[in-house]
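Chains, contacts and geometry: an overview
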Amino acid sequence: MGFDEERVPARAAGAWVLTDVALVVEKGDLDPDAVTARLGLQPTAVRFPGVDRWGPPGDVAGRWRLTCDERTTRDLSGQLEHVLSAAEGCAVPLREMRAEGCDVRLAVYGFAGHGSHLLIPAPMISRVARLGLPLILTPNMNDR
């Protein structure tokens, strides 16, 4: 039985929904409390190194996250503004942590349907570039 494109229900293209923007610091032996002290920011979530029963098998790294999700603002630009402002305020220690082997990144998660898009304004991309941090986009393509 072959793929019948006519039988696939049409979905309206639109923007990602339920977005979550985060500044993430991760390393195998990361002490999240030390990151909090160094950055002067209170994280939204932390994970100490070791096995996480909710995480993927083999993922044992420590993690520090500062997020701005749709409960704070549903607007992606507002979420980016919140996280970028925090990151810009501690750009030097973030660069130092990267040089010390930490995985430091800006991450955008969200639900994306077939043909959906994610619009990040050019000034926001410029701010990300000035920080020198990777911007990781992770769409969730599950049907809701």
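Before going into details, it helps to say that this report is about the structure given with it.

Moving on, we get to the nonpolar core. Core analysis: the largest hydrophobic core is formed by 31 residues, its most contacted members being Leu23, Val25, Trp64 and Leu94. Elements that contribute at least two residues to this core include exactly β1 (17–27), α1 (32–39), β3 (62–69), α2 (76–88), α3 (91–99), β4 (103–111) and α4 (122–131). Considering every element that reaches this core, the biggest residue donor is α2, with six residues.

Our next topic: empty space enclosed by the protein. Considering all chains together, one arrives at one cavity of 30 Å³ or more under this definition. Roughly 30 Å³ of internal volume is contained in the largest cavity. What lines the largest cavity is Ala91, Leu94, Arg95, Arg98, Leu131 and Leu133. For the lining of the largest cavity, the per-class residue count stands at four nonpolar, no polar and two charged.

A word on the pairing of β1. Regular strands have side chains that alternate between both faces of the sheet. For β1, a buried count of eight out of eleven residues is recorded, marking the element as mostly surrounded by other parts of the structure. As paired strands, β1 and β4 are joined by eight bridges and run antiparallel to one another. When the bridges of β4 are listed, Val17 appears paired with Phe111. Across eight bridges, β1 lies against β3 in antiparallel orientation.

Next up on the list: α1. Side chains that are three or four residues apart share a direction in an α-helix, a result of its 3.6 residues per turn. Of all the residues in α1, the buried ones are Pro32, Val35, Thr36 and Leu39. Along the long axis of α1, the arc covered by the buried residues comes to 100 degrees, so they all point the same way. In α1, those exposed residues whose orientation departs by more than 90 degrees from the buried face are Asp33 and Ala37. Close packing links the buried residues of α1 with β1, β2 (45–47), β3 and α3. Backbone geometry just after α1 places Gly40 at a positive phi near 70 degrees.

Calculation criteria
Residues numbered from 1 in each chain as written. Predicted model: local features only at pLDDT ≥ 70, side-chain atom pairs only at ≥ 80, totals over all residues. Heavy atoms only, no water. Core = buried A, V, L, I, M, F, W, Y, C linked by side-chain atoms within 4.5 Å. Buried < 20%, exposed > 50% of the residue type's maximum accessible area, 1.4 Å probe, protein only. Helix = DSSP H or I, 4+ residues; strand = E, 2+ residues; numbered from the N terminus. 1 Å grid on protein atoms, 1.4 Å probe; cavity = no way out; pocket = protein on both sides within 12 Å on 5 of 7 lines; lining within 4 Å. Points joined across faces, edges and corners; volume = space filled by probe spheres on them. Nonpolar A, V, L, I, M, F, W, Y, C, P; charged D, E, K, R; others polar. Pairing = 2+ DSSP bridges. Arc of directions from axis to C-beta. Contact = heavy atoms within 4.5 Å.

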